[in-house]
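# Examination of the molecular architecture
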Amino acid sequence: MAEVNAHGPLTEDQFDVLKMYCKVDQEVEDDMLDLLTSGAAAQIASAVQTGMKPELLLSNAETRDRYFVAIMQQVKEEYDYRGEGADVMRYPLLDTVAATVNQLRTEVADDAND
């Protein structure tokens, strides 16, 4: 039977690392983190290439770690500033996440041309 991921595209271990990165010790906010994670993963994957699935970037050994760090950075930003959307000017993606997206774009484009 195939394993169902309870945390969107992330494994249980990756989700635990994400929670530690966001400084979340309890399980009461897991559902919100799941939503933020799924949204950030899809947003970043689509920024890399239209229609790209997060699972593809997470399953590729060459892109997995950078993509996962980008997800963590974006989720932490959205988690920390939730509810303050009108008070704080924020770009859709963090600068560091945008830089990772640009790196991954070139690698994905190179793979498609091979």
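Residues numbered from 1 in each chain as written. Predicted model: local features only at pLDDT ≥ 70, side-chain atom pairs only at ≥ 80, totals over all residues. Heavy atoms only, no water.

## Thoughts on the packing of helix α2 (residues 30-48) against helix α4 (residues 64-80)
Interhelical geometry of α2 versus α4 gives an angle of 125° and a closest axis separation of 9 Å. Viewed along their axes, α2 and α4 adopt a mutual orientation that is oblique. Two packed elements cross with a definite hand, and for α2 against α4 that hand is right-handed. Residues M32, L33, L36, T37, A40, A41, A42, Q43, I44 and A45 of α2 touch α4, and the partners they reach there are Y67, A70, I71, Q74, V75, E78 and Y79. Within the contact of α2 with α4, the residues separate by chemical class into 13 nonpolar, 3 polar and 1 charged. (Axes fitted to C-alpha atoms, helices over the stretch in contact; angles between N-to-C directions. Helix = DSSP H or I, 4+ residues; strand = E, 2+ residues; numbered from the N terminus. Parallel < 35°, antiparallel > 145°, perpendicular 65-115°, else oblique. Left-handed = near helix turned anticlockwise from the far one by under 90°. Contact = heavy atoms within 4.5 Å. Nonpolar A, V, L, I, M, F, W, Y, C, P; charged D, E, K, R; others polar.)

## A look at the packing of helix α1 (residues 12-21) against α4
The N-to-C vectors of α1 and α4 enclose an angle of 45°; their axes lie 10 Å apart at closest approach. Classed by the angle they form, the pair α1 and α4 counts as oblique. In this structure, the crossing between α1 and α4 has a hand that is right-handed. Residues Q14, V17, L18 and Y21 of α1 pack against R64, F68, M72, Q73, V75 and K76 of α4. In the contact of α1 with α4, the residues fall into 6 nonpolar, 2 polar and 2 charged.

## So, the confidence of the model for the protein
For the protein, per-residue confidence averages 86 on the pLDDT scale, and 83% of positions sit at 70 or higher. Looking at the elements of the protein, mean pLDDT is at its lowest for helix α5 (residues 95-113), recorded as 82, and at its highest for α1, recorded as 95. (pLDDT = per-residue confidence, 0-100.)

## Describing the nonpolar core
Core analysis: the largest hydrophobic core is formed by 28 residues, its most contacted members being I44, Y67 and V75. Elements that contribute at least two residues to this core include exactly α1, α2, α3 (54-59), α4 and α5. Apart from residues no more than four positions distant in its own chain, V75 is found in contact with L18, C22, L33, L36, T37 and A40. (Core = buried A, V, L, I, M, F, W, Y, C linked by side-chain atoms within 4.5 Å. Buried < 20%, exposed > 50% of the residue type's maximum accessible area, 1.4 Å probe, protein only.)

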